[in-house]
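Take a look at the letters that make up each chain.
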Amino acid sequence: MFQLYWADDDCLPAGDRGFSYGDGLFETIRVCEGRAALLGYHLDRLLTDSGRLGIFLSRPELEKACSDAVDRYGVVYGGAPWVLKFVVTRGTGGRGYRPLAEMRPNLFVFHSPAPPGPPETGVRADFSRIPLTVNPLFSGMKTLNRLEQVMAAREMHGSVWELLMTNADGHVVEGTRTNLFLLGPEGWVTPPGASLAVSGVMRRQVIERLHLTGERLVERSVGVGELLSPHCRGVWLSNSVIGVVPVNNLAGHDLPVDNRLATICDPENRPD
């Protein structure tokens, strides 16, 4: 059982461990015309990863909170798409890092308009100078500690839509807010889940659809040179709010663009 806070009208507890220590997780869910896209995938990840942190939640409670939020805020946006954000923390109270055993989780519910969709012709991307460090204990988890992504995003300028981040080995891991897919001579390639800071639900959707259509997909490390190679047949970025977008220019290098992933990434046309 969690304590629910509507962030637009409740006083947020000053002693919450999420705000004090980043002790929690979050999900951002695209909503349009009363439908929360990929909700099942979002709840799967939230429940799995909260369990990894020892924060225990109830799926029926989360489903009800989502339904209540859609009813509460849907009238604000009418038929326009919007973003529902869940922030789950371990709870409130206690001094120092060690949590109290009897803590009750907090769920904060936020909402905001959906960002404008990227152009179908693709977006510009570049490489961040901020290295991405992934602790294996927390790999793939959308925790509240996102300082590396914040610092990388501060480098974004002009028409650059996203920055790609590399790890200590020089492998491209993901964008500041997206996961990465590459089409090369061997077929589709995406960095392995264990290497990711955030394993996105849209990434899961794309992988499942590629398998269903019989496309060859390999999960392996990706070098910078591969993305800029003449053998690269395309680069795509994914997240659950914008879907999948092709990259038409990376670090000043023009890339081939097509919309072959468009049919499996439409934010308003996906299974829950």
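Cut-offs and rules
Residues numbered from 1 in each chain as written. Predicted model: local features only at pLDDT ≥ 70, side-chain atom pairs only at ≥ 80, totals over all residues. Heavy atoms only, no water. Helix = DSSP H or I, 4+ residues; strand = E, 2+ residues; numbered from the N terminus. Contact = heavy atoms within 4.5 Å. Buried < 20%, exposed > 50% of the residue type's maximum accessible area, 1.4 Å probe, protein only. Pairing = 2+ DSSP bridges. Axes fitted to C-alpha atoms, helices over the stretch in contact; angles between N-to-C directions. Parallel < 35°, antiparallel > 145°, perpendicular 65-115°, else oblique. Left-handed = near helix turned anticlockwise from the far one by under 90°. Nonpolar A, V, L, I, M, F, W, Y, C, P; charged D, E, K, R; others polar. Core = buried A, V, L, I, M, F, W, Y, C linked by side-chain atoms within 4.5 Å. Patch = residues over 30% accessible without salt bridge, like charges linked within 9 Å, V, L, I, M, F, W, Y side chains within 5 Å. Areas by Shrake-Rupley, 256 points an atom, 1.4 Å probe, with all protein chains shown as cover. Salt bridge = Lys/Arg side-chain N within 4 Å of Asp/Glu carboxyl O. pLDDT = per-residue confidence, 0-100. Disulfide = S-S within 2.5 Å.

## A short note on the side chain of Asp23
Point 1. Mapped onto the elements of the fold, Asp23 is located in the loop between helix 1 (17-21) and strand 2 (24-32).
Point 2. Setting aside residues no more than four positions away along its own chain, Asp23 makes contact with Arg17, Gly18, Ile55, Val88, Thr89, Arg90 and Leu144.

## With respect to the pairing of strand 7 (residues 160-166)
Point 1. Of all seven residues in strand 7, seven are buried, a share of seventy percent or more.
Point 2. Note: strand 6 (residues 123-127) against strand 7, four bridges, orientation parallel. When the sheet's bridge partners are listed, Asp126 is paired in strand 7 with Leu163.
Point 3. In terms of strand pairing, strand 7 meets strand 8 (residues 171-175) through three bridges, oriented antiparallel. Its bridge partner lying in strand 8, Leu164 is registered against Gly175.
Point 4. Hairpin connection, strand 7 to strand 8: the antiparallel pair is bridged by four residues, and Gly170 has positive phi, about 85°.

## Points about the packing of helix 2 (residues 39-53) against helix 3 (residues 59-77)
Point 1. Between helix 2 and helix 3, the shortest axis-to-axis distance is 11 Å and the interhelical angle comes to 135°. By the angle between their axes, helix 2 is oblique relative to helix 3. Helix-helix and strand crossings are classified by hand; for helix 2 and helix 3 the assignment is right-handed. Each of Leu39, Gly40, Leu43, Asp44, Leu46 and Leu47 in helix 2 lies in contact with helix 3, whose residues at this interface are Arg59, Leu62, Glu63 and Cys66.
Point 2. Split by residue class, the contact of helix 2 with helix 3 holds six nonpolar, one polar and three charged.

## Thoughts on the nonpolar core
Point 1. Counting 26 residues, the largest nonpolar core has Leu84, Phe86, Leu107 and Val109 as the members making the most contacts within it.
Point 2. Breaking this core down by element, the ones donating at least two residues are strand 2, helix 2, helix 3, strand 4 (82-89) and strand 5 (106-113).
Point 3. If one sorts the elements of this core by residue count, helix 3 sits on top with seven residues.
Point 4. Not counting residues up to four positions away in its chain, the partners in contact with Val109 are Leu4, Tyr5, Trp6, Ala7, Ala69, Tyr73, Leu84, Lys85 and Phe86.
Point 5. Of all hydrophobic cores here, the second largest spans 21 residues; its members include Val172, Val235, Val241 and Ile242.

## Some thoughts on a nonpolar patch on the surface
Point 1. Taken together, the side chains of Leu147, Val150 and Met151 define a hydrophobic patch exposed on the protein surface, amounting to about 280 Å² of accessible area.
Point 2. Tracing the backbone through its elements, the reader meets Met151 in helix 4 (residues 147-153).
Point 3. Judged by its relative accessible area of 38%, Met151 falls in the partly exposed class.

## Considerations on the pairing of strand 8
Point 1. The buried fraction of strand 8 is high, at four of five residues.
Point 2. In this structure, strand 8 lies alongside strand 12 (residues 222-223), joined through two bridges in antiparallel fashion. The residue bridging His171 from the neighbouring strand is Gly223, located in strand 12.

## Examining the confidence of the model for the chain
Point 1. For the chain, mean pLDDT is 92; residues scoring 70 or higher make up 96% of the total.
Point 2. Every residue in residues 267-271 is under pLDDT 50, and counting partners more than four places away or in other chains gives 24 contacts.

## Re the state of the cysteines
Point 1. One pass over the full model with this rule turns up zero disulfides.
Point 2. You can see Cys66 has no disulfide; the closest cysteine sulfur is in Cys32, sitting 14 Å from it.

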